[in-house]
Amino acid sequence: MLASSQPRVILVTGANKGIGFEIVKKLIKESPPNNNVILLGCRDLKRGQDALIQLCSPPNVHCLQLDVSSRESIFHATNEIKSKYGGQLDVLINNAAIGELELAVDSATEMFSINYYGIKILNEHLFPLIRENGRVINVASACGPIVLYEASESLQNQYTSSTLTLQQLDDLVEDFISSIGTHSIEQLGYNPKSLYLIYSVTKAAVISLTQIEARQWSGAKHVLILSVCPGFCTTDINKNAPGSRHPEFGADSILYVVNTPRNELKNGCFYRDGQLLPQIGRINREN
Ligand SMILES: NC(=O)c1ccc[n+]([C@@H]2O[C@H](COP(=O)([O-])OP(=O)(O)OC[C@H]3O[C@@H](n4cnc5c(N)ncnc54)[C@H](OP(=O)(O)O)[C@@H]3O)[C@@H](O)[C@H]2O)c1
């Protein structure tokens, strides 16, 4: 469990509502006030402060203004962690994301700038601050494996290649975005009928990104880098979809990979509710 003798610094992005908010709520319950320092990431400081008030403003929880789609905001947040919180992080939970917009190049560019590049660039900035034995958790979705299941074998092989580089993954992402403008999604090997196509490809890319980061970084400081699906939860991202579960269960799914002893987890892999999930598969989306 996280509660340990040494104080930990934990950042949750997009934590002013939904699953991120529930993660912070649970972290507060898990740790005595002086144990963990919890940074509640929010792109809008007012929304973050309102969330903090809802949590009764515990002394160990602080708002951190962070728009993950803005390099400037990432730069400022990194400096704030250095100047105010000791410049070290134990756990980074990349939770912020947006949901499906229309099938258009502008929408796809916006969605990838938050859901994929937001994680990639933030990780590049914050990895140097992650302490020995720290964890980086990238929140993905079961939509990722499903969209790859419905894609061509060639795309499946590329996304899951054990030699995939960051540049190659960026190229896959950029080719996908361009193909929307040129109406060549299908030629590229994606299934245009896949549900929430753009969102799902952002999440497939996050799962691949996690594998690359695990290969590149884990040796350095014994850092564990994992992707996780919170399951189908009632939040704004899916317009509070009927039949979905309370976001506190999504928080549990994410906190499982934060709290489970590292020898019980496979670095770089994808989890939901404590179960290892495949990178490609016809997974039940609504679990
Ligand atoms: N809910 C589900 O069924 C489900 C299923 C699978 C995966 N997920 C994943 O779970 C994570 C949490 O989603 P959720 O369901 O809790 O959605 P949510 O309620 O819509 O919360 C999303 C959070 O991300 C923040 N955000 C959006 N763009 C941002 C940006 N540019 N910079 C920083 N923060 C930003 C939002 O801030 P604002 O309030 O300012 O917009 C909000 O705090 C996401 O990664 C999502 O893809 C959710």
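Residues numbered from 1 in each chain as written. Predicted model: local features only at pLDDT ≥ 70, side-chain atom pairs only at ≥ 80, totals over all residues. Heavy atoms only, no water.

**Some words on the nonpolar core**
Within soluble globular proteins, side chains that are nonpolar generally end up buried alongside one another.
Item 1. Membership of the largest hydrophobic core comes to 64 residues, with the highest contact counts inside it found for Leu11, Phe112, Leu169 and Phe176.
Item 2. With residues near it in sequence (within four places) discarded, Phe112 still touches Tyr117, Gly118, Val173, Phe176, Ile177, Ile198, Val201 and Thr202.
Item 3. Leu226, Val258, Leu265 and Tyr271 belong to the second-largest nonpolar core, a separate cluster that totals 32 residues. (Core = buried A, V, L, I, M, F, W, Y, C linked by side-chain atoms within 4.5 Å. Buried < 20%, exposed > 50% of the residue type's maximum accessible area, 1.4 Å probe, protein only. Contact = heavy atoms within 4.5 Å.)

**Describing the pattern of salt bridges**
Item 1. Per the counting criterion, the structure on display carries 10 salt bridges.
Item 2. Between Asp236 and Lys17 there is a salt bridge whose closest N-O contact spans 2.9 Å. Here Asp236 is found in the loop between strand E6 (224–229) and helix H11 (247–259), whereas its partner Lys17 is found in the loop between strand E1 (8–12) and helix H1 (18–30), with 219 residues between them in sequence.
Item 3. Judged by relative accessible area, Lys17 falls into the partly exposed class, the value being 46%.
Item 4. Among the ionic pairs, Lys120 bridges to Asp170, the shortest N-O distance being 2.6 Å. Note that Lys120 is positioned in helix H5 (residues 117–126) and Asp170 in helix H8 (residues 166–181), a separation of 50 residues in sequence. One exposure class covers both Lys120 and Asp170, and it is buried.
Item 5. Residues joined by salt bridges that share partners form a network here, namely Lys26, Glu248 and Asp252. (Salt bridge = Lys/Arg side-chain N within 4 Å of Asp/Glu carboxyl O. Helix = DSSP H or I, 4+ residues; strand = E, 2+ residues; numbered from the N terminus.)

**Brief notes about the layout of surface pockets**
Item 1. Here the largest pocket is characterised by a volume of approximately 1,100 Å³.
Item 2. Looking at the largest pocket, it is lined by 41 residues, and the ones nearest its centre are Ala97, Gly99, Thr235, Ile237 and Asn238.
Item 3. For the lining of the largest pocket, the element with the highest residue contribution is H1, accounting for three residues.
Item 4. Partitioning the lining of the largest pocket into residue classes produces 20 nonpolar, 11 polar and 10 charged. (1 Å grid on protein atoms, 1.4 Å probe; cavity = no way out; pocket = protein on both sides within 12 Å on 5 of 7 lines; lining within 4 Å. Points joined across faces, edges and corners; volume = space filled by probe spheres on them. Nonpolar A, V, L, I, M, F, W, Y, C, P; charged D, E, K, R; others polar.)

**Focus on the packing of helix H4 (residues 105–115) against H5**
Item 1. Here H4 crosses H5 at 35°, and the two axes come no closer than 3 Å. Of the residues in H5, those touching H4 at Phe112, Ser113, Ile114 and Asn115 are Tyr117, Gly118 and Ile119.
Item 2. In the contact of H4 with H5, the residues fall into four nonpolar, three polar and no charged. (Axes fitted to C-alpha atoms, helices over the stretch in contact; angles between N-to-C directions.)

**Let's talk about the environment of Leu92**
Item 1. Take Leu92: it is sitting in strand E4 (residues 89–94).
Item 2. Residues Leu92 and Asn123, 31 residues apart in the sequence, show an inter-C-alpha distance of 8.4 Å.
Item 3. When residues no more than four places from it in sequence are discounted, the contact partners of Leu92 are Leu11, Thr13, Leu122, Asn123, Leu126, Ile130, Arg135, Val136 and Ile137.

**Section: the pairing of E4**
Looking along a regular strand, one sees side chains alternate from face to face of the sheet.
Item 1. Among the six residues that make up E4, six are buried, leaving the element largely enclosed by the rest of the structure.
Item 2. One ladder, built from three bridges, connects E1 with E4; its direction is parallel. Bridge pairing in E4 places Leu11 opposite Leu92.
Item 3. When E4 meets strand E5 (residues 130–139), the two strands line up parallel, connected through five bridges. (Pairing = 2+ DSSP bridges.)

**Considerations on the site of the ligand**
Item 1. Around the ligand, the surrounding shell holds 29 residues, and the nearest of these are Ile19, Arg47, Asn95, Tyr199 and Thr235.
Item 2. With respect to the ligand, the backbone of Val68 contributes an N or O atom lying 3.0 Å from a nitrogen atom.
Item 3. One of the backbone N or O atoms of Gly231 is found 3.4 Å from an oxygen atom in the ligand.
Item 4. Compared with its free state, where it exposes 900 Å², the ligand has 95% of that area covered by protein.
Item 5. Given that more than half its atoms are within 2 Å of the pocket grid, the ligand belongs to the largest pocket. (Near = heavy atom within 4 Å. Polar contact = N/O pair within 3.5 Å; in protein donor to acceptor, adjacent residues only side chain to side chain. Areas by Shrake-Rupley, 256 points an atom, 1.4 Å probe, with all protein chains shown as cover. Sits in = over half its atoms within 2 Å of the grid points.)

**A short note on the packing of aromatic side chains**
Item 1. Counted by the stated rule, this structure contains five aromatic pairs.
Item 2. On the basis of an interplanar angle of 20° and a centroid distance of 4.4 Å, the ring pair of Phe127 and Trp217 is categorised as stacked. Within this pair, whereas Phe127 is found in the loop between H5 and E5, its partner Trp217 is found in helix H10 (residues 197–221), the two being separated by 90 residues in sequence.
Item 3. On the basis of relative accessibility, which here comes to 9%, the residue Phe127 falls in the buried class. (Phe/Tyr/Trp six-rings, centres within 6.5 Å; stacked < 30°, edge-to-face > 60°.)

**Remarks on the packing of helix H3 (residues 71–84) against H5**
Item 1. Two elements in contact, H3 and H5, have axes whose closest approach is 10 Å; the angle formed by their N-to-C orientations is 35°. H5 is crossed by H3, and the crossing has right-handed handedness. Contacts between H3 and H5 involve Arg71, Ile74, Thr78 and Ile81 from the former and Gly118, Ile121, Leu122, His125 and Leu126 from the latter.
Item 2. Across the contact of H3 with H5, the residue classes break down as five nonpolar, three polar and one charged. (Left-handed = near helix turned anticlockwise from the far one by under 90°.)

Read these as geometric descriptors, not functional statements.
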